[in-house]
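Reading the structure
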Amino acid sequence: MTDRPRISARISAISESATLAVDAKAKAMKAEGRPVIGFGAGEPDFPTPDYIVEAAVAAAREPRFHRYTPAGGLPELKKAIAEKTRRDSGYEVEPAQVLVTNGGKQAIYEAFAAMLDPGDEVIVIAPYWTTYPESIKLAGGVPVFVVTDESTGYMAGVEQLEAARTDRTKVLVFVSPSNPTGAVYPREQVRAIGRWADEHGLWVLTDEIYEHLVYGDAEFSSLPVEVPEIADRTVIVNGVAKTYAMTGWRVGWIIGPKDVVKAASNLQSHATSNVANVSQAAALAAVSGDLTAVEEMKKAFDRRRRTIVRMLNEIDGVLCPVPEGAFYAYPSVKGVLGKEIRGRKPQTSTELAEVILEEAEVAVVPGEAFGTPGYLRLSYALSDEDLAEGVSRIQKLLAEAK
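Along each chain, residues carry numbers from 1 onward, in the same order as the chain's sequence is written. Thresholds applied to this predicted model are a pLDDT of at least 70 for local features of residues and 80 or more for the giving and counting of side-chain atom pairs; totals over whole chains, interfaces and linings are not thresholded and use all residues. Where side-chain values are given, they derive from all heavy atoms of the structure, hydrogens and water being excluded.

Observations regarding the nonpolar core
When a protein is soluble and globular, its nonpolar side chains tend to lie buried together. Take the buried residues of types Ala, Val, Leu, Ile, Met, Phe, Trp, Tyr and Cys, join any two whose side-chain atoms come within 4.5 Å, and each joined set is a nonpolar core. Burial here depends on accessible area, computed with a 1.4 Å probe over protein chains only, as a share of the maximum for the residue type. Under 20% is buried, over 50% is exposed, and the range in between is partly exposed. By size, the foremost hydrophobic cluster in this structure holds 42 residues, and its most contacted members are Phe 39, Ile 308, Leu 312, Ile 356 and Val 364. Secondary structure elements follow DSSP: runs of H or I of four or more residues count as helices, runs of E of two or more count as strands, with numbering from the N terminus. Of all elements in the fold, only α12 (292-313), β9 (328-329), α13 (349-360), β12 (376-379) and α14 (384-398) reach the threshold of two or more residues within this core. The biggest single contributor to this core is α12, with seven residues. Contacts are residue-level and defined by heavy atoms, with any inter-residue pair within 4.5 Å sufficient. In contact with Val 364, other than residues within four places in its own chain, are Val 22, Phe 39, Ala 353, Ile 356, Leu 376, Arg 377, Leu 378 and Ile 394. Val 22, Tyr 185, Val 204 and Ala 369 belong to the second largest nonpolar core, which has 33 residues in total.

Structure, rendered in structure tokens:
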């Protein structure tokens, strides 16, 4: 009998989530008693607001939530998401255009699965969140990367996007505010990119999960609001994880044209059925409530943002642009690479991240995970004390570089 691979080629090609891998290693070291400080996972350090938790407790006592519910989401939650979208971004949608998913990652995969045929190309702006390319490939598509750097604030222009477009291009992934860089595209640039996509008949998948986390003079702009003519070829993914400190509740959603949402709903009906009803009830309380909780978190994130940028820029060989959204700093560490640090000469940001973890007991994610070697991502969604201590350890370690 001919030996066949134990694991399919499709799944073998998937890389582990680098951010979750770093977080897992940091937690394992902590469990061993080491004082590791983690800047890896993109997870608010605040508890889920009490009124949301209470809604979940009440839902757990309701017998109707002990049963299957519609695979595409509770009708009352879909209606509330449509109303929340109109309230927060000015985008008018119907509940039939909403699919409730098991977190943002399922939303992203199902959207690509609904839109892509084998060989379809998807333009992805790098640095990118690690899940986009893997979801594209799983759906049969081909990611095509447009690389940006700190000189443009990690933002791509229409000229760069046009240079990457081919006859096979079907979708543009557009993210603002950005994970991992914190970049927030100005309104005029959002419009220019939307008009370019519309001119060439492209679809857009836009990830709006950090819509409320913008700072200073930066403003969030929803692409289908700014360019209404492309709304029928735009899919929005979003969720409660970041705005309401609900990463573990696993509730995201897709908003898009009815035919795409119906197709993705059919997929979900076979893949997972409905999202856990208790989590959906919690999400209903979240999106139906006001934004008081996120405003309090924003104050803390803004304070930490300014601290981490200042401290990172004090390190020789490190250059950190000021992020305008999300809760990440994305410094260039190219000026440190190749220098000797405690008997080691890291040549890549992956190797430097290993040195920082082992020598300073600080977990950061290397730029290779986001398609741009030579950088590190640090989440500042951790306490002020841990942030200051963690970056101080990095400062002291890299001060030894020679």
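Still more ground to cover, so stick around.
Things to note about the sheet that holds β12
Strand order in this open sheet of three strands is β9-β12-β11, and the pairing throughout is antiparallel. The outermost strands of the open sheet, each flanked by one partner alone, are β9 and β11 (365-366). Here the rule is simple: two strands pair whenever DSSP picks up at least two bridges between them.

Digging into the pairing of strand β2 (residues 98-101)
Side chains of β2 alternate between two faces, with Val 98 and Val 100 and Leu 99 and Thr 101 buried alike. Bridge count for β2 against strand β8 (residues 252-255) is four bridges, and the pairing is antiparallel. Looking at β8, one finds that Val 98 is bridged to Ile 255.

Some details on the UniProt feature "domain: Aminotransferase class I/classII large" (unreviewed entry) in the protein chain
Sequence positions flagged by UniProt for "domain: Aminotransferase class I/classII large" (unreviewed entry) are, in local numbering, residues 35-394. As annotated, residues 35-394 has a helix share of 39% and a strand share of 14%, and its two end C-alpha atoms lie 14 Å apart. UniProt positions are given in the numbering used here, feature names are shortened, and annotations may be inferred rather than shown by experiment.

Describing the sheet that holds β8
With mixed pairing, the seven strands of this open sheet are ordered in space as β2-β8-β7-β6-β5-β3-β4. Whereas interior strands pair on both sides, the edge strands pair on one side only; in this sheet they are β2 and β4 (142-147). Strand after strand, the sheet turns through a mean of 20° between neighbouring axes, direction not considered. On the sheet, helix α8 (residues 187-199) packs against β3 (121-126), β5 (169-175) and β6 (203-207) and is oriented at approximately 165° with respect to β5. Note on definitions: angles span 0 to 180 degrees between N-to-C directions of axes, and those axes are lines fitted to C-alpha atoms, for helices only across the stretch in contact.

Points about the pattern of salt bridges
Every case where a carboxyl oxygen of Asp or Glu lies within 4 Å of a side-chain nitrogen of Lys or Arg is listed as a salt bridge. Taken as a whole, this structure holds 28 salt bridges when the rule is applied. With a shortest N-O distance of 3.7 Å, Lys 137 and Glu 134 are connected by a salt bridge. Taken together, the residues Lys 137 and Glu 134, both in helix α6 (residues 131-138) and three residues apart, mark about one turn of the helix. A residue is classified by how much of its surface remains accessible, and Lys 137, at 40% relative accessible area, is partly exposed. You can call Glu 134 buried: its relative accessible area is 16%. Ionic contacts of the salt-bridge type, sharing partners, join the residues Arg 187, Glu 188, Arg 191, Glu 219 and Glu 226 into one network.

Regarding unusual backbone geometry
Residue Pro 127 is reached from Ala 126 by a cis peptide bond, and omega for that bond is 5°. You can see Pro 127 is positioned in the loop between β3 and α6. At the junction of Asn 179 and Pro 180, the peptide bond is cis and its omega measures out at 25° in the coordinates. As for its placement among the helices and strands, Pro 180 is situated in the loop between β5 and α8. The phi angle at Arg 250 is positive, at roughly 60°, despite the residue not being glycine. With phi around 60°, Ser 273 is a residue other than glycine that occupies positive phi space. By the secondary structure assignment, Ser 273 is in the loop between α10 (258-271) and α11 (277-288). Accessibility expressed as a relative area gives 27% for Ser 273, which makes it partly exposed.

Things to note about the side chain of Lys 78
As for its position among the elements, Lys 78 is in helix α4 (residues 75-89). One buried charge, Lys 78, has no salt-bridge partner; the nearest side chain with opposite charge is Glu 76, at 10 Å. Excluding its chain neighbours within four sequence positions, the residues that come into contact with Lys 78 are Gly 72, Gly 73, Pro 95, Val 98 and Val 100. For the purpose of counting charges, residues Lys and Arg are taken to be positive, whereas Asp and Glu are taken to be negative. His and the chain ends are not included.

Notes on the pairing of β3
In terms of burial, β3 is a largely internal element, six of the six residues being buried. Burial of the side chains of β3 extends over both faces: Glu 121, Ile 123 and Ile 125 are buried on one face and Val 122, Val 124 and Ala 126 on the other. Pairing of β3 with β4, which is carried by six bridges, proceeds in the parallel orientation. When the bridges of β4 are listed, Ile 123 appears paired with Val 144. Here is how to tell: hold the view so the strands point away, follow the path from the first strand over the helix to the second, and if it runs clockwise the crossover is right-handed. Between the parallel elements β3 and β4, the chain passes through α6 in a crossover that is right-handed.

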